Amino acid sequence: MKDFLTNHLTAVLVCLAIVNLIAFIAYGIDKRRAKKHRWRIPEITLIMFAAIGGGIGSLVGMFFWH
């Protein structure tokens, strides 16, 4: 049982790390496109990254790329 929980916890943490990294990168891409007056990533997409577990990556991305 302990191995089962450890393996699943590791998988969840890896998934969360990936979602946060993608959210952080998406905010950077959006900021770069805004500066070049190009098509931007829809706000709902950025919010959905936060909703599915990428809240930390989204928050860090907002402040880092600002």
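Anything mentioned here points back to the structure above.
Each residue is numbered by its place in its chain's sequence as written, counting from 1. Under the rules for a predicted model, residues below a pLDDT of 70 receive no local features and side-chain atom pairs below 80 are neither given nor counted, while totals for whole chains, interfaces and linings still include all residues. Note that water and hydrogens are dropped before the side-chain values are worked out from all heavy atoms of the structure.

Here we look at the overall build of the chain
Phase 1 of the analysis: Going along the chain from the N terminus, every DSSP run of H or I of four or more residues is numbered as a helix, and every run of E of two or more is numbered as a strand. Summing up its helical and strand segments, the chain has 2 helices and 0 strands in all.
Phase 2 of the analysis: The globule rule puts the C-alpha radius of gyration for 66 residues at 11 Å, and the 15 Å found for the chain is more than 25% above it.
Phase 3 of the analysis: In terms of overall dimensions, the chain has C-alpha extents of about 55 × 20 × 15 Å along its principal axes.
Phase 4 of the analysis: When a residue's accessible area, from a 1.4 Å probe over protein chains only, is under 20% of the maximum for its type it is buried; when over 50% it is exposed; and in between it is partly exposed. Looking at the 66 residues of the chain, the share that counts as buried comes to 20%.
Phase 5 of the analysis: A sequence separation of at least 24 residues applies to 63% of the contacts in the chain between residues at least 6 apart.
Phase 6 of the analysis: Summing over all exposed atoms, the chain offers an accessible surface of approximately 5,200 Å²; the carbon and sulfur share of this is 72%. Within these notes, the globule rule equals 2.2 Å times the number of residues to the 0.38 power, and the radius of gyration is based on C-alpha atoms. We call two residues in contact whenever any of their non-hydrogen atoms come within 4.5 Å of each other. Accessibility throughout is a Shrake-Rupley quantity obtained with a 1.4 Å probe, and a residue counts as covered only by protein chains that appear here.

Thoughts on the pattern of salt bridges
Phase 1 of the analysis: The term salt bridge refers to a side-chain nitrogen of Lys or Arg lying within 4 Å of a carboxyl oxygen of Asp or Glu. Counting across every chain of the model gives 1 salt bridge.
Phase 2 of the analysis: Here Asp 30 and Arg 40 are joined by a salt bridge, their closest N and O atoms 2.9 Å apart. Here Asp 30, found in helix α1 (residues 2–35), pairs with Arg 40, found in the loop between α1 and α2 (43–65); they are 10 residues apart in sequence, far enough to count as distant.

Considering the packing of aromatic side chains
Phase 1 of the analysis: A pair of Phe, Tyr and Trp rings is counted when the ring centres sit within 6.5 Å of each other, with Trp represented by its six-membered ring. The angle between the planes then sorts it: under 30 degrees is stacked, over 60 is edge-to-face, the rest tilted. Summed over all chains, the structure comprises 3 aromatic pairs.
Phase 2 of the analysis: Ring geometry for Phe 64 and Trp 65: centres 4.8 Å apart, planes at 85°, overall edge-to-face.
Phase 3 of the analysis: By relative accessible area, Phe 64 is classed as exposed at 54%.
Phase 4 of the analysis: Residue Trp 65 is classed as partly exposed on the basis of its relative accessible area, which comes to 31%.

Some details on the side chain of Ser 58
Phase 1 of the analysis: Among the structural elements, Ser 58 can be located in helix α2.
Phase 2 of the analysis: In this structure Ser 58 comes out as buried when scored by relative accessible area, which is 3%.
Phase 3 of the analysis: Look past the residues within four positions of Ser 58 in its chain and what remains in contact with it is Ala 23, Tyr 27, Leu 46, Phe 49 and Ala 50.

Re α2
Phase 1 of the analysis: Working rule for helices: expected span equals 1.5 Å times residues minus one. Compared with the 33 Å implied by 1.5 Å per residue over 23 residues, the 15 Å span of α2 between its first and last C-alpha is markedly short.
Phase 2 of the analysis: Consider a residue and the seven residues that end there alongside the seven that start there; fitting an axis to each set, the bend is the angle between those axes. At Gly 54, α2 shows its maximal bend, which comes to roughly 135°.
Phase 3 of the analysis: Residues Leu 46, Gly 54, Gly 57, Ser 58 and Gly 61 constitute the buried set of α2.

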